[in-house]
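Residue-level structural notes
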Amino acid sequence: VQLQASGGGLVQAGGSLRLSCAASGRTGSMYGMGWFRQAPGKEREFVAAISWSGGTTTYVDSLEGRFTISRDNAKNTVYLQMNSLKPDDTAVYYCAARPPGWSQVGIREADFRSWGQGTQVTVSS
């Protein structure tokens, strides 16, 4: 599976962005998806994940309910709606796909096989 992330940009604190991740290639198999982010000088961290069916989602606790992950399997696309953005949310955001057949959520980098190229999100104060 190849992944293409988009939707990043510059936004003021309190604003919103919606990231998209389009999958191509072997998209006929079921696989969980996730978003990670890497801030300058920090390690990449888990943000959110969703199962193949969309029925199970999980988030890093620090988000306080501001982000929502969703997917449209007909479009082979996963979304990350980000609201009430803070300067601390500034990072490169990466989408990732679990191996084909692994339909449940994963939260560790090792749970995912395919990675997108990343999209920059910058939140100004």
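Our subject is the structure listed above.
Note that the coordinates shown come from a computational prediction; the quantities given were computed from them, not determined experimentally. (Residues numbered from 1 in each chain as written. Predicted model: local features only at pLDDT ≥ 70, side-chain atom pairs only at ≥ 80, totals over all residues. Heavy atoms only, no water.)

Some details on the state of the cysteines
By definition, a disulfide links the sulfur atoms of two cysteine residues through a covalent bond. Selection criterion: Cysteine sulfur atoms are paired as a disulfide whenever they fall within 2.5 Å. In this text, helices come from DSSP runs of H or I with a minimum length of four residues, and strands from runs of E with a minimum of two, each type numbered from the N-terminal end. Here the term buried applies to any residue with accessible area under 20% of the maximum for its type, exposed to any over 50%, and partly exposed to those in between, with areas from a 1.4 Å probe on protein chains only.
On inspection of all chains with the given rule, the structure shows one disulfide. The residue that forms a disulfide with Cys-21 is Cys-95, at a sulfur-sulfur distance of 2.1 Å. Residues Cys-21 and Cys-95 are joined through a disulfide that is right-handed, its torsion about the S-S bond being 65°. On the criterion of sequence distance, the pair formed by Cys-21 in strand β3 (residues 17-24) and Cys-95 in strand β9 (residues 91-97) is long-range, its members being 74 residues apart. Residue class for Cys-21 comes out buried when judged on its relative accessible area of 0%. Of the residues examined, Cys-95 reaches a relative accessible area of 1% and is grouped as buried.

With respect to the side chain of Asp-111
We apply this condition: As used in this structure description, the phrase polar contact means that two N or O atoms lie within 3.5 Å; if the pair is within protein, one of them must be able to donate a hydrogen and the other to accept it, and residues adjacent in sequence are counted only when both atoms belong to side chains. By definition, residues are in contact when any of their heavy atoms lie within 4.5 Å.
Inspection of the secondary structure assignment puts Asp-111 in the loop between β9 and β10 (114-115). For Asp-111, a relative accessible area of 10% corresponds to the buried category. Side chain to side chain, Asp-111 and Arg-108 meet in a polar contact 2.7 Å long. Residues within four places of Asp-111 in sequence aside, it is in contact with Arg-98, Pro-99 and Gly-106.

Details of the sheet that holds strand β1 (residues 2-6)
We count it as follows: The criterion for strand pairing is that DSSP finds at least two bridges linking the strands in question. Axis lines are fitted through C-alpha atoms, for helices just across the contact stretch, and the angle between N-to-C directions can take any value from 0 to 180 degrees.
Read from one edge of the open sheet, four strands run β1-β3-β8-β7, paired in antiparallel fashion. Each edge of the open sheet is held by one strand with a lone partner, namely β1 and β7 (67-72). Sheet twist, expressed as the average angle between the axes of neighbouring strands with direction ignored, equals 15°.

Some remarks on the nonpolar core
Cut-off, in case you're wondering: Buried Ala, Val, Leu, Ile, Met, Phe, Trp, Tyr and Cys residues form a nonpolar core when they are joined through side-chain atoms within 4.5 Å.
Residues Met-33, Trp-35, Val-47, Phe-67, Leu-80, Met-82 and Tyr-93 are the most contacted members of the largest nonpolar core, which totals 28 residues. Once you skip the residues sitting within four places of it in the chain, Met-33 turns out to touch Leu-3, Cys-21, Ala-48, Ala-49, Ile-50, Ile-69, Arg-71, Val-78, Ala-96, Ala-97 and Phe-112. Judged by nonpolar contacts, the second largest core, of five residues, contains Phe-36, Ala-49, Ala-96 and Phe-112.

Notes on the pairing of strand β5 (residues 45-50)
Counting buried residues in β5 gives five out of six residues, a clear majority hidden from the surface. Pairing between strand β4 (residues 33-38) and β5: five bridges, direction antiparallel. When the bridges of β5 are listed, Gly-34 appears paired with Ala-49. In sequence, β4 turns back onto β5 through a hairpin of six residues, with Gly-41 there showing a positive phi of about 75°. Judged from the three bridges that link them, β5 and strand β6 (residues 57-59) form a sheet pairing that is antiparallel. By the bridge assignment for β6, Ala-49 is matched with Thr-58. Hairpin geometry of β5 and β6 is characterised by an intervening segment of six residues between the two adjacent antiparallel strands and by a positive phi of about 85° at Gly-54.

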